[in-house]
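Working through the structure, step by step
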Amino acid sequence: MSAPSHIERPAITAHPLLTGAAAIAGALALAAGSEATGIVASYTFLHLSLALVMGIAVLGLNVVTGYAGQISLGHGAFFAIGAYAMAMAVGHAAAPIWIALPLAAIVCFCAGFAFARPILRLEGPYLALATFALAIAVPQALKYRHLEPLTGGATGLHFVKPDAPFGLPLSPDRWLFVLVVVVAVVAFGLVRNVVQSGFGRSMMAIRENETAARALGIDTARVKGLAFALSAAVTGVAGALHALLFEFVSPDSYRFDLSLAIFVGGVVGGIATLPGALVGGAFVHLVHRYADAVARALSDTFDLPLTLQPAMIYGVVLICLVYLAPSGIYGAAREMVRRWWMSRPNAGRKPAAPNAP
Amino acid sequence: MRRLLDVEGLSVSYAGAPALHDISLVVAEGYVTALVGANGAGKTTTLRAISNIIRKTGSVVFDGREIGALAPDRIARLGVAHVPSDRGTFRALTVDENLRVPTALSGNRAAERDDRERVLHHFPRLAERLGQRAGTLSGGEQQMLAIARALMLRPRLLMLDEPSFGLAPRVVEEVFAILRRIRDADRMSVLLVEQNLGLALAIADHAVVLDAGRVALAGLPDEAGRLQIVRRVYLGA
Ligand SMILES: Nc1ncnc2c1ncn2[C@@H]1O[C@H](COP(=O)(O)OP(=O)(O)OP(=O)(O)O)[C@@H](O)[C@H]1O
Ligand SMILES: [Mg+2]
């Protein structure tokens, strides 16, 4: 009697495990195939990896901002901490990646938890400000003179990324792309399970009405703290992968505008949706990569009286998106698919009365 | 009579302005206590103080244990369910998800299913709408959801803040019929805040009248008491 009545939706409901396995197999096939034939250039894989890394970073932010409803303008800090954890583990301790990556996650989880406790008492603009302060403080802290032997100070830290494992005959960019896909699949699977669990439900209850959640017995401080820690860990892993792709970290790679980019990615992709994080990450990377070229091309083509700045292009695109897709690109796309689905000729007919299992 | 809730010497001030002066009240186990009074008398404030959402002085003893210093979520888990007058609907979540927030962190799915079954038995209108987003429910349905959700805590004391607020008379009747059924079926102890005096006294075994932050009257809601209450609180005599 009490089976939830499902609303008809056109979701492409592939099994998540299958989707993940298919993504990894596809990535491996693409990497191996192009290694042999050269149809996809090695540096293209670098860009695919970078877009995906931003997607993972946005996914992390999405946990705390999209699902638990706590704004963070400081997730670049955890991205940086994860990157440094990777660089230091590989560079100083010659740790293998399968140790360095979980290590980065754990370090960021702890950093996130420690940071969350005091600041998540704050609300709205005050919380945003406190997290933003973190984004500003961490790069400065990384330059701290007495830590220079560890962090490399202002000049940063070089290390050499390990070769492909199992003697795979893949170029570094290609095998790292496969690694990034594997990590992304794990991260998305993990976050998906968390948001669909009872813990996820308590996060969303806090987002919707914190006082009511507390009145129903939810320890809101603990849930917010763990959500922030998990969120920091996922974004930190993205940072670790980023460091691996460049074999280099420096404080100036992770300035506060990185935090803003992650936040923009979350909003543009679609807050509180998982595929939206991928879209948002790709968006941020594409803008980062092409705004410059587009600005130059437009200035040249139309012989404009002013030099277009990349930031202007960025701004215009953002404003358009906020108007055209207020629930994010993924949300807008889903809505379009839903409309199309409902407008099929036989949309009204139901195959059979839905029975409770 | 067993005292399930024993409030003594409770005082609250909002930014220096006193709202409750040294009030005391008792909820007997298995009975409905109505807390009535005019607008601004301090009824909502009393419930908030018991739930420890606001700062207060005085003592709150629940089931023989001082709970005045405990965090609101602790108090809820001990079995004090507070249904606020704004209902606190988790609007983007479905009805089903709303109901499963109190059990979200318990990890016992079987018990959760049983509790939901038991609670929905009283709320057929919600049982039909489990997959609907709670924000799209009517006002009456949201009130029912708020009560049903509170029952998912397996409370020993149910505190309701104006369940009739903003509802059409017919819906109010429906909600109160459900409340009566819950009281009779589960011998639930209830602290009921209500503006509508007739409604409150019809269901209550005991009434406490607040007037400008003080207990003006407490006793059985018999006919004489009812008249006295009406005169004093609503006519200002
Ligand atoms: N957050 C607040 N800040 C300042 N004063 C408040 C606050 N909340 C309530 N008050 C004041 O405390 C007094 C008691 O308010 P309370 O909400 O408890 O009354 P009530 O009996 O529930 O009234 P109503 O029947 O209108 O809901 C009122 O004078 C009110 O103005
Ligand atoms: Mg009130």
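Since we're looking at a predicted model, the values are computed, not measured. (Residues numbered from 1 in each chain as written. Chains lettered and ligands numbered in written order. Predicted model: local features only at pLDDT ≥ 70, side-chain atom pairs only at ≥ 80, totals over all residues. Heavy atoms only, no water.)

**Quick look at the packing of helix 8 (residues 198–208) of chain A against helix 10 (residues 220–246) of chain A**
Relative placement of two packed helices is described by the angle separating their axes and the distance separating the axes. Residue and element names in this part refer to chain A. Contact pair helix 8 / helix 10: the axes reach a minimum separation of 10 Å and the direction vectors enclose 110°. With respect to helix 10, the axis of helix 8 lies roughly perpendicular. Counted together, Phe 199, Ser 202, Met 203 and Ile 206 of helix 8 and Thr 220, Val 223, Lys 224, Leu 226 and Ala 227 of helix 10 form the full contact between these two elements. In the contact of helix 8 with helix 10, the residues fall into 6 nonpolar, 2 polar and 1 charged. (Axes fitted to C-alpha atoms, helices over the stretch in contact; angles between N-to-C directions. Helix = DSSP H or I, 4+ residues; strand = E, 2+ residues; numbered from the N terminus. Parallel < 35°, antiparallel > 145°, perpendicular 65-115°, else oblique. Contact = heavy atoms within 4.5 Å. Nonpolar A, V, L, I, M, F, W, Y, C, P; charged D, E, K, R; others polar.)

**Some points on the site of ligand 1**
Residues and elements named next belong to chain B. Every residue close to ligand 1 is listed here: Tyr 14, Ala 19, Ala 38, Asn 39, Gly 40, Ala 41, Gly 42, Lys 43, Thr 44, Thr 45, Glu 162 and Gln 195. Between ligand 1 and Asn 39, the relevant distance is 2.7 Å, taken from an oxygen atom to a side-chain nitrogen or oxygen of the residue. Here the shell around ligand 1 gets 3 residues from one element, more than from any other, and that element is helix 1 (residues 43–51). By residue class, the composition of the shell around ligand 1 is 4 nonpolar, 6 polar and 2 charged. (Near = heavy atom within 4 Å. Polar contact = N/O pair within 3.5 Å; in protein donor to acceptor, adjacent residues only side chain to side chain.)

**Examining the interface of chain B and chain A**
Every contact between the two is made by 28 residues of chain B and, on the other side, 26 residues of chain A. Together, the buried faces of chain B and chain A total about 2,200 Å²; carbon and sulfur atoms form 65% of this surface. By the criterion of area lost to chain A, the three top residues of chain B are Asp73(B), Phe90(B) and Leu105(B), representing 24% of everything that side buries. In this assembly, chain B and chain A are joined by 1 salt bridge. Between Arg201(A) and Glu112(B) there is a salt bridge, with the nearest N and O atoms lying 3.3 Å from each other. At the boundary of chain B with chain A, the tally comes to 5 residue pairs in polar contact (both at pLDDT 80 or more). (Buried area = accessible area lost by both parts, 1.4 Å probe. Salt bridge = Lys/Arg side-chain N within 4 Å of Asp/Glu carboxyl O.)

**Overview of the sheet that holds strand 7 (residues 157–161) of chain B**
Residue and element names in this part refer to chain B. The strand order across the open sheet built from 6 strands is 6-7-8-3-9-10, with neighbouring strands paired in mixed fashion. On the outer flanks of this sheet lie strand 6 (80–83) and strand 10 (214–219), each paired with one strand and no other. In this sheet, adjacent strand axes meet at a mean angle of 15° when their direction is disregarded. Where strand 3 (residues 32–36) lies against strand 9 (residues 206–211), 4 bridges are found, and the strand directions are parallel. (Pairing = 2+ DSSP bridges.)

**A short note on the pattern of salt bridges**
This model, assessed by the stated rule, comprises 23 salt bridges over all chains. A salt bridge links Arg156(B) to Glu29(B); the nearest nitrogen and oxygen atoms lie 3.0 Å apart. Here Arg156(B) is found in the loop between helix 6 (139–151) and strand 7, whereas its partner Glu29(B) is found in the loop between strand 2 (17–28) and strand 3, with 127 residues between them in sequence. Put simply, Asp96(B) and Arg100(B) hold a salt bridge, and the shortest N to O gap is 3.0 Å. When its relative accessible area of 5% is taken as the criterion, Asp96(B) is described as buried. Each of Arg201(A), Asp96(B), Arg100(B), Glu112(B) and Arg116(B) takes part in a single network of salt bridges with overlapping partners. (Buried < 20%, exposed > 50% of the residue type's maximum accessible area, 1.4 Å probe, protein only.)

**Some remarks on the state of the cysteines**
Residue and element names in this part refer to chain A. Evaluated as defined, the whole model comprises 0 disulfides over all chains. Left without a disulfide partner, Cys 110 is nearest to the cysteine sulfur of Cys 108, which lies 9.3 Å away. Given the relative accessible area of 45%, Cys 110 is considered partly exposed. (Disulfide = S-S within 2.5 Å.)

**What about the sheet that holds strand 1 (residues 3–14) of chain B?**
Through backbone hydrogen bonds, the strands of a sheet pair up, either in parallel or in antiparallel fashion. Residues and elements named next belong to chain B. The strand order 2-1-4-5 describes an open sheet built from 4 strands, whose pairing is antiparallel. Looking along the sheet, the strands with just one partner apiece sit at the ends: strand 2 and strand 5 (65–66). Across 5 bridges, strand 1 lies against strand 4 (residues 57–62) in antiparallel orientation. Along strand 4, the bridge assignment pairs Asp 6 with Val 61. Running over the sheet, helix 1 touches strand 1, strand 2 and strand 4 and is turned about 110° from strand 1.

**Brief notes about the packing of aromatic side chains**
Per the stated rule, a full pass over the model turns up 7 aromatic pairs over all chains. Consider the rings of Phe79(A) and Tyr254(A), whose centres lie 5.9 Å apart with planes at 55°: the pair is tilted. Here Tyr254(A) lies in the loop between strand 2 (248–249) and helix 11 (256–269) and Phe79(A) lies in helix 3 (residues 75–91), a separation of 175 residues in the sequence. The pair Phe79(A) / Tyr254(A) is uniform in exposure class, with both members buried. Taking the centre distance of 6.5 Å and the plane angle of 70° together, the rings of Tyr84(A) and Tyr254(A) count as edge-to-face. In this pair, Tyr84(A) is assigned in helix 3 and Tyr254(A) in the loop between strand 2 and helix 11, connecting sequence segments 170 residues apart. Tyr84(A) gets classed as buried once you look at its relative accessible area, which sits at 3%. Taking the relative accessible area as the measure of exposure, Tyr254(A) reaches 2% and is therefore buried. An aromatic cluster is defined as three or more aromatic residues linked by ring pairs; in this entry it consists of Phe78(A), Phe115(A) and Phe228(A). Against the face of Tyr31(B) rests Arg187(B), its NZ or CZ located 5.8 Å from the ring centre. (Phe/Tyr/Trp six-rings, centres within 6.5 Å; stacked < 30°, edge-to-face > 60°. Lys NZ or Arg CZ within 6 Å of the ring centre and 35° of its normal.)

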